[in-house]
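Single-letter residue listing:
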Amino acid sequence: MIILLTVPVTPDKATVRTTRAVADRPPLGLDMEESAMKYFLTMIAVLFLVPTTVWACMDIMMYTRVETAYGGPEAVTVMVVPDGSGNPLTEAWLPWGSRVDATITIFLRGCEDEAIANFPAEDMWLESLDYGLVNCWGGTIADENTDDQGTATWAQPLFAGGSSQTGCKVLVNGMAVETPPTLAIHFNSPDINGDGTVGLADVVPFATDFYGGYQFRSDFHRDGVLTLADLVHLARAMGRSCP
Ligand SMILES: [Ca+2]
Ligand SMILES: [Ca+2]
């Protein structure tokens, strides 16, 4: 004979709480949707609330500008040599052979239009728009770090070769200053082929220009004609190279 005993089971309080908690939960799918919504709202907050200054700081060019000492309408020309023995920007040429100061000054500003002092010179450099100006390594950086007013200049001779008549721009950490977008400064060099050395490879194109017709690239003594004055610059620079 089998006797079945039925024992009433009363759940303890902890079990009741757990059971109710599970019962109160939304289905798993709704839980994931809620999490996704919270994540989405958090990202919105991050994008629009937290980084207001960060976004602004991504464009430090907003208030940064450059200017040249010469404010006339003509483009000026700077004769450069790879070893830095070319003309300083303070002695640029006007198209008819007059000297003029073409010193470039940068006014480096931050997100709130504040001056950025002691910014490294090596992080600010010049490039021609067509890259015809061929820089030696670090050859076109600013003369010095920015001062307390956030200014720095390019007045000393550059270390470069090649030639360009497209104008140049100032770059800060690789970003071009857009105010103004182009500086009307042209360059030429006895290093005509831009290989970093003034040598026989440059004599051939110079001779071609000298006897065959005017070319800006060989007009080192910039006056619109090729004469012995230009040949003198080539002779003086012969053998000079990037440091
Ligand atoms: Ca060369
Ligand atoms: Ca000339």
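Above: the structure in question.
When helices and strands are tallied, the protein shows 5 helices and 12 strands. Looking at the protein residue by residue over its 243 residues, the buried ones come to 32%.

What follows concerns the sheet that holds strand S11 (residues 175-176). Strand order in this open sheet of 3 strands is S6-S10-S11, and the pairing throughout is antiparallel. Edge positions in the sheet fall to strand S6 (124-128) and S11, since each of these pairs with one other strand and no more.

On to the sheet that holds strand S5 (residues 104-107). Taken in spatial order, the 3 strands line up as S1-S5-S8 in an open sheet, and their pairing is antiparallel. Only two strands of the sheet have a single partner each, and these edge strands are strand S1 (65-68) and strand S8 (151-154). Geometrically, the sheet is characterised by an average inter-axis angle of 20° between neighbouring strands, direction not taken into account.

Before going further, it helps to examine the pairing of S8. Every second residue of S8 is oriented toward a common face, the buried set being Ala152 and Trp154 and the non-buried set Thr151 and Thr153. By the bridge criterion, 4 bridges tie S5 to S8 in an arrangement that is antiparallel. Across the sheet, the residue bridging to Ile106 is Ala152, located in S8.

With an omega of -5°, the peptide bond between Thr179 and Pro180 qualifies as cis. On the secondary structure map, Pro180 appears in the loop between S11 and strand S12 (185-188). Even without glycine at this site, Asn118 takes up a positive phi of about 55°. Positive phi values are uncommon outside glycine, yet Asn173 reaches one of about 50°.

Before going further, it helps to spend a moment on the environment of Phe206. By the element assignment, Phe206 lies in helix H4 (residues 200-212). Given 20 C-beta atoms within 10 Å, Phe206 falls into the buried group. Taking the C-alpha atoms as reference points, Phe206 and Arg217, 11 residues apart in sequence, are found 8.3 Å from one another. In contact with Phe206, not counting residues within four places along its chain, are Ile192, Ser218 and Leu234.

We now examine H4. Since there are 3.6 residues in each turn of an α-helix, residues three or four apart along the chain are aligned in direction. For H4, which comprises 13 residues, the first-to-last C-alpha distance of 18 Å matches the rise-based estimate of 18 Å (1.5 Å per residue) to within 8%. Positive phi shows up at Gly213, right after H4, with a value of about 145°.

The element S6 is extensively covered by neighbouring structure, given that 4 of its 5 residues are classed as buried. Where S6 lies against strand S10 (residues 168-172), 5 bridges are found, and the strand directions are antiparallel. Across the sheet, residue Met124 finds its bridge partner in S10, namely Val172.

Next up on the list: the environment of Pro205. With respect to the helices and strands, the residue Pro205 is situated in helix H4. Owing to 15 C-beta atoms within 10 Å, Pro205 belongs among the partly exposed residues under this scheme. Residues contacting Pro205, with those up to four places away along its chain left out, are Ile192 and Asn193.

Okay, helix H5 (residues 228-237) next. Among all positions in H5, only Asp230, His233, Leu234 and Ala237 are buried. Projected onto a plane normal to the axis of H5, the buried residues spread over an arc of 95° and lie on a single side. In H5, those exposed residues whose orientation departs by more than 90 degrees from the buried face are Leu228, Val232 and Ala235. Where H5 is buried, its residues contact strand S2 (76-79) and H4. Once H5 finishes, Gly239 follows within two positions and takes phi at roughly 90°, a positive value.

Let's shift gears to the environment of Leu171. With respect to the secondary-structure elements, Leu171 resides in strand S10. Residue Leu171 is classed as partly exposed on the basis of its 16 C-beta neighbours within 10 Å. Residue contacts for Leu171: discarding those within four places in its chain leaves Trp125, Glu127 and Ala176.

Burial of nonpolar side chains together is a common tendency in soluble globular proteins. One finds Val78, Ile106, Met124 and Val170 to be the most contacted residues of the largest nonpolar core, which totals 42 residues. Once residues lying within four places of it in the same chain are set aside, the contact partners of Val170 are Val66, Ile104, Ile106, Met124, Leu126 and Val177.

What counts, and at which threshold
Residues numbered from 1 in each chain as written. Chains lettered and ligands numbered in written order. Predicted model: local features only at pLDDT ≥ 70, side-chain atom pairs only at ≥ 80, totals over all residues. Helix = DSSP H or I, 4+ residues; strand = E, 2+ residues; numbered from the N terminus. Buried ≥ 20, exposed ≤ 12 C-beta atoms within 10 Å, placed from the backbone. Pairing = 2+ DSSP bridges. Axes fitted to C-alpha atoms, helices over the stretch in contact; angles between N-to-C directions. Contact = placed C-beta atoms within 7 Å. Expected span 1.5 Å × (residues − 1). Arc of directions from axis to C-beta. Core = buried A, V, L, I, M, F, W, Y, C linked by C-beta atoms within 7 Å.

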